[in-house]
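Below are the chains, spelled out letter by letter.
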Amino acid sequence: QVQLVESGGGLVQPGGSLRLSCVASGIIFRLASMGWYRQAPGEQRELVATITSGGVTNYADSVKGRFTISRDNAKNTVYLQMNSLNAEDTAVYYCNSAFWDYGLNRRRDYWGQGTQVTVSS
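Quick summary incoming for the structure in this document. As a convention, each chain's residues are numbered from 1 in the sequence order in which they are written. Per-residue local features are limited, in this predicted model, to residues with pLDDT of at least 70; the limit for side-chain atom pairs, both in listing and counting, is 80 or more; totals at the level of whole chains, interfaces and linings are taken over all residues. Excluding hydrogens and water, the side-chain figures rest on all heavy atoms present in the structure.

## Looking at the environment of Ser120
In this fold, Ser120 is placed in the segment after β11 (115-119). Placed 117 residues apart in sequence, Ser120 and Gln3 show a C-alpha to C-alpha distance of 30 Å. With sequence-adjacent residues up to four places away left out, Ser120 is seen in contact with Leu11, Val12, Gln13 and Pro14. Secondary structure elements are taken from DSSP: a helix is a run of H or I of four residues or more, a strand is a run of E of two residues or more, and numbering for both begins at the N terminus. Only heavy atoms matter for contacts: two residues are in contact if any of them lie within 4.5 Å across the pair.

In structure tokens form, the structure reads like this:
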């Protein structure tokens, strides 16, 4: 019943911009930490950016100054604004939701299906 749906991926030229969106359902969105991860061909999935329920952000060094993560709790949506894109940003980008389940006393994680971002001329 938990669902994370990413959108906004596509083909962009080097130096271009793209905004990814992730709409969450089936969770108490305002209590969840949200994040973006990516996986390039032949590579493991890596963290791109996270934002806590309180709005505190964290970024991978490779995207600092270029990417911005934000959230709109009224829309149950997290965004990733990507600027100054380069070929190394090419990957499948996945939306992540993490929250503490007080009933089970454990952290729970959910993942979207991913959206392809390709940076090429």
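Picking up where we left off.
## Thoughts on the pattern of salt bridges
For this document, the term salt bridge refers to a Lys or Arg side-chain nitrogen within 4 Å of an Asp or Glu carboxyl oxygen. The tally for this structure, following the rule as stated, stands at six salt bridges. Between Asp101 and Arg108 there is a salt bridge, with its nearest N and O atoms 3.5 Å apart. Asp101 sits in the buried class, given a relative accessible area of 16%. Asp109 serves as the salt-bridge partner of Arg107, at 2.9 Å between the closest nitrogen and oxygen. Burial status follows relative accessibility: with a 1.4 Å probe on protein chains alone, a residue under 20% of its type maximum counts as buried, one over 50% as exposed, and anything between as partly exposed.

## Some thoughts on the packing of aromatic side chains
Classification of ring pairs rests on two measures: the distance between centres of Phe, Tyr or Trp rings, Trp counted by its six-membered ring, which must be within 6.5 Å, and the angle between planes, read as stacked under 30 degrees, edge-to-face over 60 and tilted in between. All told, the structure shown has two aromatic pairs when counted by the stated rule. With 4.9 Å between their ring centres and 70° between their planes, Tyr37 and Trp111 make a pair best called edge-to-face. Separated by 74 residues along the polypeptide, Tyr37 in strand β4 (residues 33-39) and Trp111 in strand β10 (residues 106-111) bring together distant segments of the chain. Between Phe99 and Tyr110 the ring centres are 6.0 Å apart and the planes differ by 15°, which places this aromatic pair in the stacked class. Of the two residues, Phe99 sits in strand β9 (residues 91-101) while Tyr110 sits in strand β10, which places them eleven residues apart along the sequence. For the pair shown, Phe99 and Tyr110 are each scored as buried. The rule for a charge over a ring is simple: NZ of Lys or CZ of Arg within 6 Å of the ring centre, and within 35 degrees of the ring normal. Here the basic side chain of Arg45 rests over the ring of Tyr94, its NZ or CZ set 3.7 Å away from the ring centre.

## Notes on the sheet that holds strand β8 (residues 77-82)
Judged by pairing direction, the sheet is antiparallel, and its four strands sit side by side in the order β1-β3-β8-β7 without closing on themselves. With one partner strand each, in any of the chains shown, β1 (3-7) and β7 (67-72) form the two edges of the open sheet. When strand polarity is set aside, the average angle formed by the axes of neighbouring strands in this sheet is 15°. Relative to β8, β7 runs antiparallel, the two sharing six bridges. Note on β8: the bridge partner recorded for Asp72 is Thr77. If DSSP finds at least two bridges between two strands, the strands pair. Between N-to-C directions, angles span 0 to 180 degrees; the directions come from axes that are lines fitted to C-alpha atoms, helices contributing only their stretch in contact.

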